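Structural overview for review
This is what each chain is made of:
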Amino acid sequence: MGTALIYDEEMTKYKLLWVDPACKIEVPERLTVSHGALVRNGLTDRCICLPVREAVDAEILLVHSEEYLEAVKQTPHMTLEDLKEFTLQYGDVYFHPNIYHCAKLAVGSALQLVDSVLMGKVKNGMALVRPPGHHSMRSAANGFCVFNNVAIAAQYAKQKYGVKRILIVDWDIHHGQGVQYCFEDDPSVLYFSWHRYEHQKFWPNLKDSDYDIVGKGEGAGFNINVPWNKVGMENSDYLSVFCHLLLPIAYEFCPDLVLVCAGFDSAIGDPEGEMCATPDIFAHLTYLLMNLAEGKLCAVLEGGYNLTSLAQSVCQTVQTLLGDPLPPLTNLTGPCRSTLESLQCVRAAHRQHWSCLRHAVDLPTFEISTKRIKLSGEGNKDEAEVGEEQKSPEEKIWPEPPKRICPPVCSAVVLPDGVVCPDACERLSSSEDLGPHLLTLKNDFLKDADDGAVTALSRVFSLIDKMKNNEIRNGLALVGDAAMTMTCVVQYVAAEVDSRVFLVCVGNGNIPSHVIEDGKTLVVQIKDEDTEEQGSKYYVPVCLKKGCTDTSGFAQAMFSLLLPLGYQYNPSLVLLVRMPGSGVCDIMWQQLTGLLQSFAHGHTLVLLQEDDKACVGPTASILLGNPAPPLGQLPASLKEDAEAVERLRSRLQADWNLLLTTAPENG
Ligand SMILES: CC(O)(O)CCCCCNCCCN
Ligand SMILES: [Zn+2]
C-alpha cells in the first residue's frame, strides 16, 4: 500500500490584506515551497495524490459551534473593513474573502486522508493545508487557524469508523490549545504536544499549556503537555522526550490511529520556534510513530515559517512515510538541563496515570556538570553556557539533509536448503565460489566447523558486504549456531576501520569478552538469567525476572535503554540476534526489529537459529517495511524489573546522556 499526498493550490489563494506584524509570517508561499520541494525531489510521483474536497457543515460542527460556523460563513461577502472588524474579536489570526473556502478545503483534506487510511486504500499520508487548525476552538478562530482540522479528523474517525483510541502528536512549536480543549475529558483521544513556553512568557501564554495540565475527569492522563522553557532545543531534546515519555505512553495506550499536527516551526531557522533541531529529525519522529497503529498515520500540516527548513522538513516526513531509509542523526549531545527539568516534571505529573511511569523512580541524578549535558555551545538554552553572539533564526544555517538512497534490494536472506525464501526477499545465491575464502574463514573463524557452517558464514559475511556497499538494505540469516555466528560477525565487522556494531542480543547466552572490550561494539542483551556482572559502558545486560516473555518489561527496556543508546552510538550496522529459547513473543520481536531500523540507514542483520525458522516469515515482513502488529495495551512491568532498568540507566547515563530523564542536583 502507498502513501497519500493531499494538496491543492486553491489553499494558497488567501493572504493578509492589511498590516498586522503578528500574522505576516503566515503566507501562501508556505504551501507552494513545500509542494514544490516534494515535486523537485520526485516525491509527489511516488505518492498517491488524492483530490481535496470541501468539508460539509456537519463535519465542521463535530468540533465547532453553529454560531461560530454561521459567523465565518459571512466572511466571503464582507468588505475589507468588515473583515478587519470581524478579525478583531479573535487573537493572532486574519480573515480574507476566500479563507472560509480554504478552511473547508483544509478540513476536507484531513478527512480525505483519514478515509483513505482507514479504508485501507493507503498505508499512511500527509495533507499539505492552510489555514492550519490546532489553535482554533469551538467558537473562536485563533493563531492563523479557522477550523480545527485535526480535531475534526479525530471526531470524524471515531464517528464514521468507530475508532476506539486515537493518538494525536503535535510537534508544532506552539501549543495546540484548541485540540487540548476539545479532548481534555475524552480518554479515547490522547493528545501530546510540546511547545515553546518559557514559563508562560511565550504565545499563547496559557497556564493551560503547562506540564501539570493532564486532562479532566475521564480524560485525566490523556493530555500531555511538554513545555520548552528555553529556545535552542536540538535533536537530542526531541528524541529524549520521544524515548522517555511519548513512546512508552503511546505503546501503553495502543492507539488504532495516529494523527500528527505536523507543524515544522519546531525546526531550526524558524522565527517562531527559535529552535535548533534539524529537518532530518522529522524523518525519525515520523518513523518512530509509524510503528504504532500498524502504521496508520495521517500527518496534517500546521505551522512552519522558514520556507527553507519547512520545505526540507516536509520532504523528510514524506520520504519516511514512503519507507525510505532514515538518515543517521549525528552528534547527539544529549538533552539540556531545561529539557530534563521539563521531562522530570511531566513524568511526575503523569506517573499516576501511566503504568510505564509508575516505577520510574527517576533516581536523583549523580553529579554531572552542566557542561556534560550541553557539550556543544549551540543553542541559547542557558545564557551562562553560551559565548557566541546570537544569530537571528533566519541567519541560521544548517547542512542540507543527506540523500536517502533506497538500495536496489531491500531484504536479502541466507537460508539452509529446504527453507522457503519469504516473498519479496532475495535469497543469496550460493553460486559464488568460496574456494580460497573457505580456508581463511576456517583459520580465522571456525577452526573445527564443518563445511556447511563455513559456507553459511561466508554468505552471512557477504550480506554484510552488500549492506556496506548499499546493494541491500538489510539481511536475515537462519544459521546452525546463532551465538557462534554472532561472534564471527562482530569479529569480521570489527576489522573495518570506522565500523560500529550495535549488537542487540535477545535471550540468554554469553557474549565473549573480546566482543565487548574493543569499543567498536555496543552490546545490549535482554535476558532472564541474573548473572552477577554489572556490565560496562559497552555491555548492557538487561535482566528481566520473567525474561523476554514479559512484554512490558521488554518494551520499557526498548524505549528507555535501547533507543537512546542506539541513537547516541550511531552504529554503522545493527546486529539483532534471537538466541534459542529466548521466549520473546513474535510481536515484540517484530516491534524490536522495526524500531532498530532507525539506525545505520536501516542496515540490520538478523540472526536466527535454525529451530526458530518459524520466525523467518514474521521477521522478513518487518525487514521489508511492513508495520508490526500492535502489542495490545501494555500492563505495568514488574516493579523489580523496572527498578533494574532504572538502576542500569542511572549507572550508564554518565557515558550515555541520552539516557538522562532528570536534571542533575547541582545548581
Ligand atoms: C499553526 C501555528 O501554531 O504555527 C500558528 C502559530 C500562531 C502564532 C501567533 N503568534 C504570532 C506572533 C508573531 N511573532
Ligand atoms: Zn506553530
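Scoring rules and cut-offs
- Residues numbered from 1 in each chain as written.
- Chains lettered and ligands numbered in written order.
- Predicted model: local features only at pLDDT ≥ 70, side-chain atom pairs only at ≥ 80, totals over all residues.
- Heavy atoms only, no water.
- Helix = DSSP H or I, 4+ residues; strand = E, 2+ residues; numbered from the N terminus.
- Buried < 20%, exposed > 50% of the residue type's maximum accessible area, 1.4 Å probe, protein only.
- Contact = heavy atoms within 4.5 Å.
- pLDDT = per-residue confidence, 0-100.
- Near = heavy atom within 4 Å.
- Polar contact = N/O pair within 3.5 Å; in protein donor to acceptor, adjacent residues only side chain to side chain.
- Areas by Shrake-Rupley, 256 points an atom, 1.4 Å probe, with all protein chains shown as cover.
- Nonpolar A, V, L, I, M, F, W, Y, C, P; charged D, E, K, R; others polar.
- Pairing = 2+ DSSP bridges.
- Axes fitted to C-alpha atoms, helices over the stretch in contact; angles between N-to-C directions.
- Parallel < 35°, antiparallel > 145°, perpendicular 65-115°, else oblique.
- Left-handed = near helix turned anticlockwise from the far one by under 90°.
- Core = buried A, V, L, I, M, F, W, Y, C linked by side-chain atoms within 4.5 Å.
- Phe/Tyr/Trp six-rings, centres within 6.5 Å; stacked < 30°, edge-to-face > 60°.
- Lys NZ or Arg CZ within 6 Å of the ring centre and 35° of its normal.

Before going further, it helps to examine the side chain of Glu59. Here Glu59 shows up in helix α2 (residues 57–60). When its relative accessible area of 11% is taken as the criterion, Glu59 is described as buried. Those residues within four positions of Glu59 in sequence are excluded, and the remaining contacts are Arg53, Leu111, Ile152 and Tyr156.

Residues at a pLDDT of 70 or more form 94% of the protein, whose mean pLDDT is 92. Contacts for the low-pLDDT stretch residues 363–380, under 50 throughout, to residues beyond four places or in other chains number 60 contacts. Taken together, the stretch residues 383–389 has pLDDT below 50 and engages in nine contacts with residues farther than four places along the chain or on a different chain.

So, on to the site of ligand 1. Around ligand 1, the structure places 15 residues, and the nearest of them are Asp92, His134, His135, Glu272 and Tyr305. Asp172 places a polar side-chain atom, nitrogen or oxygen, 3.2 Å from an oxygen atom of ligand 1. One of the side-chain nitrogen or oxygen atoms of His174 is found 3.2 Å away from an oxygen atom of ligand 1. Protein chains shield 85% of the accessible area of ligand 1, which is 430 Å² for the free molecule. By residue class, the composition of the shell around ligand 1 is five nonpolar, five polar and five charged.

Across the sheet, eight strands lie side by side as β2-β1-β3-β8-β7-β4-β5-β6; this open sheet has parallel pairing. The strands lining the two open edges of the sheet, one partner per strand, are β2 (48–50) and β6 (223–228). For this sheet, the mean inter-axis angle between neighbouring strands, taken without regard to orientation, is 15°. In this sheet, strand β8 (residues 297–301) lies alongside strand β3 (residues 122–127) in parallel orientation, the contact comprising four bridges. Note on β8: the bridge partner recorded for Ala127 is Val300. Helix-sheet contacts for helix α6 (residues 149–161) involve β4 (166–170), β5 (189–196), β7 (257–262) and β8, and the interaxial angle to β7 is about 170°. Helix-sheet contacts for helix α8 (residues 235–253) involve β4, β5 and β6, and the interaxial angle to β5 is about 170°.

Their axes nearest at 11 Å, the elements helix α15 (residues 451–468) and helix α16 (residues 482–494) cross at an angle of 45°. The orientation of α15 relative to α16 falls into the category oblique. Regarding α15 and α16, the two cross each other, and that crossing is right-handed. Two secondary-structure elements touch here, α15 through Leu457, Val460, Phe461, Ile464 and Asp465 and α16 through Thr485, Cys488, Val489, Tyr492 and Val493. Broken down by class, the residue content of the contact of α15 with α16 amounts to eight nonpolar, one polar and one charged.

What follows is about the nonpolar core. Within the largest apolar cluster, 179 residues are counted, with the highest numbers of intra-cluster contacts made by Phe147 and Ile168. Ranked by size, the runner-up nonpolar core spans 39 residues in total, among them Ala449, Ala482, Val489 and Ile511.

Let us look at the packing of aromatic side chains. This model, assessed by the stated rule, comprises 28 aromatic pairs. Arranged with centres 6.2 Å apart and planes meeting at 80°, the rings of Tyr100 and Phe147 form a pair that is edge-to-face. One end of the pair, Tyr100, is in helix α5 (residues 99–118); the other, Phe147, is in the loop between β3 and α6, with 47 residues separating them in the sequence. Take Tyr100: its relative accessible area is 8%, and that puts it in the buried class. Each ring, one from Tyr569 and one from Trp656, has its centre 6.1 Å from the other, and the planes form 75°; the classification is edge-to-face. Taken together, the residues Tyr569 in helix α18 (residues 551–569) and Trp656 in the segment after α21 (639–652) connect sequence positions 87 residues apart. Take Tyr569 and Trp656: they sit in the same class, and that class is buried. What links up through ring pairs into an aromatic cluster is the set Tyr68, Phe86, Tyr90, Phe95, Tyr100 and Phe147. Lying over the aromatic face of Tyr14, Arg130 brings its terminal NZ or CZ to 3.8 Å of the ring centre.

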